[in-house]
Amino acid sequence: MVKRTRFDGESCPVARSVDVVGDWWSLLIVRDAFDGSRRFGDFQRSLGVAKNILSARLRSLVDNGILETVPAGARHEYVLTAKGEALFPVIVALRQWGEAFAFEPGEPHSQLLDRRDQQPLRPLEVHAADGRLVAASDTEVRKDR
């Protein structure tokens, strides 16, 4: 078996984030949790993932504080923590990127709508501390040594 590369010791926040939620199953589990899935069977039906893989990903998300288990009768449910809820902009950014680049024009896809007015969300934007819209070319990474 190939040993998984770990990034939890990296100084880059992107690398550390990928270490926690970088595989597709974890992000899809988080997406489904935002969509209301709470039980193992809900995730399994939605994703069609093997039970052993789902179990390992759920355990990892719980161990990393993204999900927590709460009692639900004789079983338990998985609920997003505040740390998990903070992934909402990440899920929205991936969704909006996918809408723009992963579908042919006019190809149907699911939509994320504002509950209040049933309208799609505005595209996410990145702003500087003073409110200016910034692009990648307007930024730089300062690496601590």
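Just so it is clear, the structure is predicted and the values come from calculations on it, not from any experiment. (Residues numbered from 1 in each chain as written. Predicted model: local features only at pLDDT ≥ 70, side-chain atom pairs only at ≥ 80, totals over all residues. Heavy atoms only, no water.)

**Q** Would you explain the confidence of the model for the chain in this entry?
**A** Any region with low pLDDT has predicted coordinates that should not be read closely. For the chain, per-residue confidence averages 92 on the pLDDT scale, and 92% of positions sit at 70 or higher. The element-level mean pLDDT for the chain is lowest in helix H1 (residues 13–21), coming to 84, with helix H5 (residues 82–85) highest at 98. (pLDDT = per-residue confidence, 0-100. Helix = DSSP H or I, 4+ residues; strand = E, 2+ residues; numbered from the N terminus.)

**Q** In this structure, what is going on with the packing of aromatic side chains? I would like to understand it.
**A** The final tally for this structure, using the stated rule, is three aromatic pairs. When the ring of Trp97 is compared with that of Phe101, the centres are 5.6 Å apart and the planes differ by 45 degrees; the resulting orientation is tilted. Remark: Phe101 and Trp97 occur in helix H6 (residues 88–101); sequence separation between them is four residues, near one turn of the helix. The pair formed by Trp97 and Phe101 is uniform in burial state, with each residue classed as exposed. (Phe/Tyr/Trp six-rings, centres within 6.5 Å; stacked < 30°, edge-to-face > 60°. Buried < 20%, exposed > 50% of the residue type's maximum accessible area, 1.4 Å probe, protein only.)

**Q** Any chance you could explain the pairing of strand S2 (residues 75–80) here in plain terms?
**A** The two faces of the sheet receive side chains in turn, since in a regular strand these alternate between them. Here strand S1 (residues 67–72) runs beside S2; their pairing, made up of six bridges, is antiparallel. Looking at S2, one finds that Glu68 is bridged to Val79. Counted between consecutive antiparallel strands, the loop separating S1 from S2 contains two residues, among which Gly73 sits at a positive phi close to 70 degrees. (Pairing = 2+ DSSP bridges.)

**Q** What am I meant to see in the environment of Leu113 here?
**A** Structurally, the position occupied by Leu113 is in the segment after H6. Accessibility expressed as a relative area gives 32% for Leu113, which makes it partly exposed. With sequence-adjacent residues up to four places away left out, Leu113 is seen in contact with Gln118, Gln119 and Pro120. (Contact = heavy atoms within 4.5 Å.)

**Q** Just to check I follow, could you spell out the packing of helix H2 (residues 24–34) against helix H4 (residues 51–63) for this structure?
**A** For any two helices packed against each other, the geometry is given by the interaxial angle and the distance between the axes. Remark: H2 packs on H4, axes separated minimally by 10 Å, with the N-to-C direction vectors making an angle of 70 degrees. The orientation of H2 relative to H4 falls into the category roughly perpendicular. In this structure, H2 contributes Trp25, Ser26, Ile29 and Val30 to the contact, and H4 contributes Ile53, Leu54, Arg57, Leu58 and Leu61. (Axes fitted to C-alpha atoms, helices over the stretch in contact; angles between N-to-C directions. Parallel < 35°, antiparallel > 145°, perpendicular 65-115°, else oblique.)

**Q** What's the story with H6 in this structure? I'm lost.
**A** The α-helix winds at 3.6 residues per turn, so residues separated by three or four positions along the chain end up facing the same way. The first and last C-alpha atoms of H6 sit 20 Å apart over 14 residues, in line with the 20 Å expected at 1.5 Å per residue. Where H6 is concerned, the buried positions are Ile91, Val92, Gln96 and Gly98. Within H6, the buried residues cover an arc of 160 degrees as seen down the axis, which keeps them to one side. Of the exposed residues in H6, those oriented more than 90 degrees away from the buried face are Trp97 and Phe101. Where the residues of H6 are buried, they touch H2. (Expected span 1.5 Å × (residues − 1). Arc of directions from axis to C-beta.)

**Q** Got a minute to help me understand the pattern of salt bridges in this structure?
**A** A side chain of one charge can pair with a side chain of the opposite charge when the charged atoms of the two come close. Per the counting criterion, the structure on display carries seven salt bridges. In this structure, Arg31 engages Asp32 in a salt bridge whose closest nitrogen and oxygen atoms are separated by 2.8 Å. Judged by its relative accessible area of 28%, Arg31 is partly exposed. We classify Asp32 as buried; its relative accessible area is 3%. Residue Arg45 pairs with Asp42 through a salt bridge whose shortest N-O separation is 3.0 Å. Within this pair, Arg45 and its partner Asp42 are both found in helix H3 (residues 40–47), separated by three residues, close to a single helical turn. Assessed through its relative accessible area of 63%, Arg45 is described here as exposed. What makes Asp42 partly exposed here is its relative accessible area of 27%. Where salt bridges share partners, they join Arg38, Arg39 and Glu77 into one cluster. (Salt bridge = Lys/Arg side-chain N within 4 Å of Asp/Glu carboxyl O.)

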